[in-house]
Amino acid sequence: MSKNKELKNPATIAARAGGHVDAGSGGVVPALQQSTTFVRDENYEPLIGSNVYGRDQNDQVRLAEHVLTQLEGAQDSLLFASGMAALSTLFGSLKRGQKLIIQSGIYWGTTAWVREFCNHREIILIEADSSETDVFTDLLKSEKPDLIFIEVPSNPWILTSDIEAISNIAKSAGALLAVDATAATPVLMQPISLGADIVMHSATKAINGHSDVIAGVLSCADASSDLWLFLKRERHGAGAILSPHSAWMLLRGMRTLPLRMKRMCANAMAIAQFLDGHEKIEAVWYPGIDHHQGHALATDQMPKGYGYLMSFLIKGSREEALNFCKHLEGIHRATSLGGVESLVEHRHTIEGEMTGCPENLIRLSVGIEDVADLIGEIDLALSRI
Ligand SMILES: *Cc1c(COP(=O)(O)O)cnc(C)c1O
């Protein structure tokens, strides 16, 4: 599958699903192979390749991994049953007494799970703001963690952390750096080229992009590292695999990923500019807005666009924020992000009191709809608060 290694342009890699032709039929779309087991020949050797059992030997999964590896500029990728399955396998590499530093104020599902996990496993957990580069890198120097986990851009605060600066200090402190780049996708940002050891995505989000597959992926800078060999064994042994059908769907979804990202970024930028300075809006958090945190860094780190995810604060309280959601006529009120359809979410309802998520915060995942329609719906809902 490595014969297309020279292909570097994401639009080409994605549209052609890595250059795949179905060997059985000549089809330009892969066949969906659902078999759980594979035949052996008379000498009891696997008939085709190393195929023995379907837990982690499936062609659609391998092909989707191959496309992701190319898009990511990685050495290898592993797909999992969900983003959380990818994450929990990664954190499962930590042993009792080891130290994990994670970014504070990230995807709440990660924070909530990691706290409990580290508590059970007696892993030392430190949460810190990685968007403050100097303070964070000083912490790495003094704490010398085993693993660092950051989310870029973060969610729902939409903060940008300096992956290159953090990875440089991580290396000298002997720590591995993993980046959750779900809100960027490999089209906008390639953390491995900036020095990260592992990149993680919830492929449920923009990578698949159609709100119809739950999947997660890890990609690595070094496929011969101890960590990567562990992760491969762990997925095989613990079995948090992606189903063949989901991988087939994912391959189809990814064909348009670069195209979708281009449109979503353009739509998001126009919406952020519309909201910025609007009389009913207190603040807009989007890396494309020049007075938002990390704008210059994001311009450097995500040169092809600032992403599809933003948060904004409605002037007023919880009531005004929920009223805004109530009066949106086309954009669905639903959790999740990265789909072709825009989704709006009142994060405080989901996260509760514990996280410090402001009650007037609205998170918006911007889709590929007509931008005038989107702005029209938002404008109308704001006028009805
Ligand atoms: C959704 C999400 C996850 C979890 O992924 P699932 O596919 O839902 O398990 C992790 N990180 C981020 C940033 C997410 O948005």
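In short, a report on the structure. Each chain has its residues counted from 1, following the order in which its sequence is written. Side-chain atom pairs in this predicted model are given and counted only at pLDDT of 80 or more, local residue features only at pLDDT of at least 70, and totals for whole chains, interfaces and linings cover all residues. To obtain the side-chain values, all non-hydrogen atoms of the structure were used and water was disregarded.

### Looking at the overall build of the protein chain
For step 1, the next point in the chain: Helix and strand definitions follow DSSP, with helices as H or I runs of at least four residues and strands as E runs of at least two, each counted in order from the N terminus. A tally of helices and strands in the protein chain yields 14 helices and twelve strands.
For step 2, the next point in the chain: Compactness check: the protein chain gives a C-alpha radius of gyration of 21 Å against a globular reference of 21 Å for 385 residues, within 12% of the reference.
For step 3, the next point in the chain: Counting across all 385 residues of the protein chain, residues that qualify as buried make up 52%.
For step 4, the next point in the chain: Nonlocal contacts in the protein chain, meaning residues at least 24 apart in sequence, comprise 71% of its contacts between residues at least 6 apart.
For step 5, the next point in the chain: Just so you have it, the protein chain exposes about 16500 Å², and 52% of that area is on carbon and sulfur atoms.
For step 6, the next point in the chain: Positive charges are assigned to Lys and Arg, negative charges to Asp and Glu, while His and the chain termini are left out of the count. Lysine's charge is taken at NZ, arginine's at CZ, aspartate's at CG and glutamate's at CD. Both charge centroids of the protein chain, one from 33 positive and one from 46 negative side chains, sit 5 Å from each other. When we talk radius of gyration, it's over C-alpha atoms, and the globule rule is simply 2.2 Å times the number of residues to the 0.38. Categorising residues by exposure relies on relative accessible area from a 1.4 Å probe, with only protein chains included: less than 20% of the type maximum marks a residue as buried, more than 50% marks it as exposed, and the intermediate range marks it as partly exposed. The contact rule is simple, with two residues in contact once any of their heavy atoms fall within 4.5 Å. Only the protein chains shown count as cover for residues, with accessible areas throughout obtained via the Shrake-Rupley method and a probe of 1.4 Å.

### Quick word on the site of the ligand
For step 1, the next point in the chain: To be near a molecule or strand, a residue needs just one of its heavy atoms within 4 Å of it. Taken together, 13 residues lie around the ligand, and M84, D180, S202, T204 and K205 are the ones closest in.
For step 2, the next point in the chain: Note that an oxygen atom of the ligand is positioned 2.9 Å from one of the backbone N or O atoms of G83.
For step 3, the next point in the chain: For the ligand, an oxygen atom lies 2.8 Å from a polar atom in the side chain of S202.
For step 4, the next point in the chain: Considered on its own, the ligand offers 380 Å² of accessible surface; in the complex 91% of this is hidden by protein.
For step 5, the next point in the chain: All residues other than Ala, Val, Leu, Ile, Met, Phe, Trp, Tyr, Cys, Pro, Asp, Glu, Lys and Arg, Gly among them, are scored as polar; the first ten of these are nonpolar and the last four charged. Taken together, the residues of the shell around the ligand sort by class into four nonpolar, six polar and three charged. N or O atoms closer than or at 3.5 Å make up a polar contact, with two conditions inside protein: a donor-capable atom paired with an acceptor-capable one, and, for residues adjacent in sequence, both atoms drawn from side chains.

### Section: the environment of G239
For step 1, the next point in the chain: Mapped onto the elements, G239 comes out in the loop between helix 8 (226-238) and helix 9 (244-254).
For step 2, the next point in the chain: Non-local contacts of G239, meaning those with residues more than four positions away in its chain, are made with R55 and E234.

### Topic: the sheet that holds strand 5 (residues 176-180)
For step 1, the next point in the chain: Taken together, the seven strands give an open sheet; going across it, the order is 1-7-6-5-4-2-3, and neighbouring strands pair in mixed fashion. Each end of this open sheet is capped by a strand with a single partner; those strands are strand 1 (76-80) and strand 3 (124-128). Strand after strand, the sheet turns through a mean of 20° between neighbouring axes, direction not considered.
For step 2, the next point in the chain: Under this scheme, a helix contributes an axis fitted over its contacting stretch, all axes are lines through C-alpha atoms, and angles between N-to-C directions fall in the 0 to 180 degree range. Sitting on the sheet, helix 6 (residues 163-173) touches strand 4 (147-151) and strand 5, and the angle it makes with strand 5 is about 155°.
For step 3, the next point in the chain: Sitting on the sheet, helix 8 touches strand 1, strand 5, strand 6 (198-202) and strand 7 (216-220), and the angle it makes with strand 1 is about 30°. Two strands qualify as a pair provided DSSP detects at least 2 bridges between them.

### Remarks on helix 3 (residues 83-91)
Side chains three or four residues apart in an α-helix point the same way, a direct result of the helix having 3.6 residues per turn.
For step 1, the next point in the chain: Counting buried residues along helix 3, seven of its nine residues qualify, which places the element largely inside the surrounding structure.
For step 2, the next point in the chain: Of the residues making up helix 3, those classed as buried are G83, A85, A86, L87, T89, L90 and F91.
For step 3, the next point in the chain: At the N-terminal end of helix 3, a side-chain oxygen is found 3.4 Å from the backbone nitrogen of M84, two or three residues along, and the residue is S82.

### Some words on a nonpolar patch on the surface
For step 1, the next point in the chain: For patch detection, residues must exceed 30% relative accessible area and be free of salt bridges, and they are connected within 9 Å for like charges or within 5 Å for nonpolar side chains (Val, Leu, Ile, Met, Phe, Trp, Tyr). Any carboxyl oxygen of Asp or Glu that lies within 4 Å of a side-chain nitrogen of Lys or Arg is treated as forming a salt bridge with it. A contiguous nonpolar patch, built from V39, L47 and I48 and spanning about 320 Å² of accessible area, is present on the exposed surface.
For step 2, the next point in the chain: For I48, the position within the fold is in the loop between helix 1 (10-15) and helix 2 (59-72).

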